[in-house]
Amino acid sequence: MNYVLAGERLDMAHAVEVRLPFLDHKLFEFARSIPATLLARNGTQKYVLREAVRPFVTDEVYHGAKQPFFAPPMLNWESDV
């Protein structure tokens, strides 16, 4: 599922405003121009991002495994009435 739709489901379900990271169009255009060989290196995903933030995060975060994000399931409000 794409992040925008997941974010919309999450904020609508909980009546909060969600700010999704990395959706600035200038940043996206730059990221899209990064060669695929830099996106994953030696089995490490998000290589460029990890290297960029390495001075600012703990070793646990830097070496952490990628974890999926799951929005809450859609509820059928009419059946709960």
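Given the structure is predicted, the values throughout are model-derived calculations rather than measurements. (Residues numbered from 1 in each chain as written. Predicted model: local features only at pLDDT ≥ 70, side-chain atom pairs only at ≥ 80, totals over all residues. Heavy atoms only, no water.)

**Topic: the overall build of the protein chain**
Across its full length, the protein chain carries 5 helices and 2 strands. Sequence-ordered secondary structure for the protein chain, helices as α and strands as β, is α-α-α-β-β-α-α. Sorting the 81 residues of the protein chain into buried and exposed places 9% on the buried side. Looking at the protein chain alone, contacts between residues at least 24 apart form 27% of all its contacts between residues at least 6 apart. Just so you have it, the protein chain exposes about 7,400 Å², and 61% of that area is on carbon and sulfur atoms. (Helix = DSSP H or I, 4+ residues; strand = E, 2+ residues; numbered from the N terminus. Buried < 20%, exposed > 50% of the residue type's maximum accessible area, 1.4 Å probe, protein only. Contact = heavy atoms within 4.5 Å. Areas by Shrake-Rupley, 256 points an atom, 1.4 Å probe, with all protein chains shown as cover.)

**Re the side chain of Arg 50**
One can find Arg 50 in helix 4 (residues 47-53). The charged side chain of Arg 50 is buried without a salt bridge, its nearest counter-charge being Glu 51 at 7.8 Å. Apart from the residues within four sequence positions on either side, Arg 50 is in contact with Thr 44, Gln 45, Val 61, Tyr 62, His 63, Gly 64 and Lys 66. (Lys, Arg positive; Asp, Glu negative; His and termini not counted. Salt bridge = Lys/Arg side-chain N within 4 Å of Asp/Glu carboxyl O.)

**Overview of the confidence of the model for the protein chain**
Taken over all residues, the pLDDT of the protein chain has a mean of 76, while the share at 70 or more is 57%. Within the protein chain, the element-level pLDDT minimum falls on helix 1 (residues 3-14), averaging 66, and the maximum on helix 5 (residues 59-62), averaging 92. (pLDDT = per-residue confidence, 0-100.)

**Some words on unusual backbone geometry**
Positive phi outside glycine occurs at Asn 42, with the angle close to 55°. By the secondary structure assignment, Asn 42 is in the loop between strand 1 (40-41) and strand 2 (44-45). A relative accessible area of 78% means that Asn 42 is categorised as exposed. Backbone geometry places Lys 46, a non-glycine residue, at a positive phi of 55°.

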